[in-house]
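Observations on the model geometry
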Amino acid sequence: MARMASQESRPLGVVRRLRPSELILFRDHLMRLDGDSRRDRFNGVASDAFLEDYAARSFSQGATVVGYVEDGRVLGAAELHERPESDPPTAEIAFSVEKALQHRGLGSQLFQRLIAHARALGYTRLRVTTHRQNDAMRALARKFNARISFEEGETVGHIDLKPASLSDAELSAAYLPALAAGALPVR
């Protein structure tokens, strides 16, 4: 059985982008979500069959999936789904954290990683939707400066992103020497 951080301790795993070969780990995470967490993540009831299809679609349709990985299991995830019909360039974001790890800062860590990735991809706006009772998601969105409104029974947040401050060349110059020297952890 995988080791899980206790309620009092900080999570012991790592936040990183999931590889396409880790689709099953992402799917298994979604399947382990309790009823309330599934409802919060998908704004309603989500069957096992829906979750299996959703996980496969996320990877096959090019979504970015960032996961909190501990002992070889994904226990939290953040997703970035492009909305090509939107102008300016916009991505829909979504989060899920398994019950035992909720309210311990993982959502913020996943949010930070997703925002950095969205900026690097050139998105200028993020959109998040949830139901009115999902206080945790609304608080997390506000923490990252989302403008919250209510549309057709849902809470909708928009986050305007500033462009990435470093170009690809600047990022390479800043981080590749440190990686080669072993100064930064490779994840």
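Residues numbered from 1 in each chain as written. Predicted model: local features only at pLDDT ≥ 70, side-chain atom pairs only at ≥ 80, totals over all residues. Heavy atoms only, no water.

Attention shifts here to the sheet that holds strand β6 (residues 147-151). Hydrogen bonds along the backbone pair up the strands of a sheet, which may run parallel or antiparallel. If you trace the seven strands from one edge of the open sheet to the other, you get β1-β2-β3-β4-β5-β7-β6, paired in mixed fashion. Single-partner strands in this sheet number two, and they are β1 (14-17) and β6. When strand polarity is set aside, the average angle formed by the axes of neighbouring strands in this sheet is 25°. Bridge analysis of β1 against strand β2 (residues 64-70) gives four bridges, and the strand direction is antiparallel. Bridging from a neighbouring strand, Arg17 pairs with Val66 of β2. This element, helix α4 (residues 106-120), spans β1, β2, β3 (73-83), β4 (90-97), β5 (125-131) and β7 (154-160) of the sheet and lies at about 155° to β4. (Pairing = 2+ DSSP bridges. Helix = DSSP H or I, 4+ residues; strand = E, 2+ residues; numbered from the N terminus. Axes fitted to C-alpha atoms, helices over the stretch in contact; angles between N-to-C directions. Contact = heavy atoms within 4.5 Å.)

Quick look at the pairing of β4 now. Extensive coverage of β4 is indicated by the burial of eight of its eight residues. Sheet topology note: the β3/β4 ladder contains eight bridges and is antiparallel. Pairing of Glu79 across the sheet is with Ala94, part of β4. As paired strands, β4 and β5 are joined by three bridges and run parallel to one another. Bridge assignment links Glu92 to a residue of β5, and that residue is Arg127. (Buried < 20%, exposed > 50% of the residue type's maximum accessible area, 1.4 Å probe, protein only.)

At a minimum axis separation of 13 Å, helix α2 (residues 35-42) and helix α3 (residues 48-60) run at an interaxial angle of 50°. Regarding the angle of α2 to α3, the classification is oblique. Like other packed secondary-structure pairs, α2 and α3 cross with a definite hand, here left-handed. Side by side, α2 and α3 meet where Arg38, Arg41 and Phe42 of the first sit next to Asp48, Phe50, Leu51 and Tyr54 of the second. Looking at the contact of α2 with α3, its residues break down into four nonpolar, no polar and three charged. (Parallel < 35°, antiparallel > 145°, perpendicular 65-115°, else oblique. Left-handed = near helix turned anticlockwise from the far one by under 90°. Nonpolar A, V, L, I, M, F, W, Y, C, P; charged D, E, K, R; others polar.)

Considering every residue of the protein, the mean pLDDT works out to 84; 81% of them sit at 70 or more. Across the protein, the secondary-structure element scoring lowest on mean pLDDT is helix α6 (residues 168-180), at 53, and the one scoring highest is helix α1 (residues 23-32), at 98. Scored below 50 in pLDDT, residues 1-7 makes 19 contacts in the model with residues more than four places away or belonging to other chains. In the predicted structure, residues 182-187 sits below a pLDDT of 50 and forms eight contacts with residues beyond four places in sequence or in another chain. (pLDDT = per-residue confidence, 0-100.)

A separate point is the environment of Arg119. When you line up the elements, Arg119 lands in helix α4. Here Arg119 falls in the partly exposed class, since its relative accessible area comes to 32%. Distance from Arg119 to Leu161, taken between C-alpha atoms, is 6.9 Å for residues 42 residues apart in sequence.

Before going further, it helps to spend a moment on the pattern of salt bridges. Scanning the model with the defined rule gives 14 salt bridges in all. The partner of Arg27 in a salt bridge is Asp28, and the shortest N-O contact between them spans 2.8 Å. The class for Arg27 is partly exposed, based on a relative accessible area of 26%. Put simply, Glu92 and Arg127 hold a salt bridge, and the shortest N to O gap is 3.3 Å. Here Glu92 is found in strand β4, whereas its partner Arg127 is found in strand β5, with 35 residues between them in sequence. By the burial criterion, Glu92 is buried, and Arg127 matches it. (Salt bridge = Lys/Arg side-chain N within 4 Å of Asp/Glu carboxyl O.)

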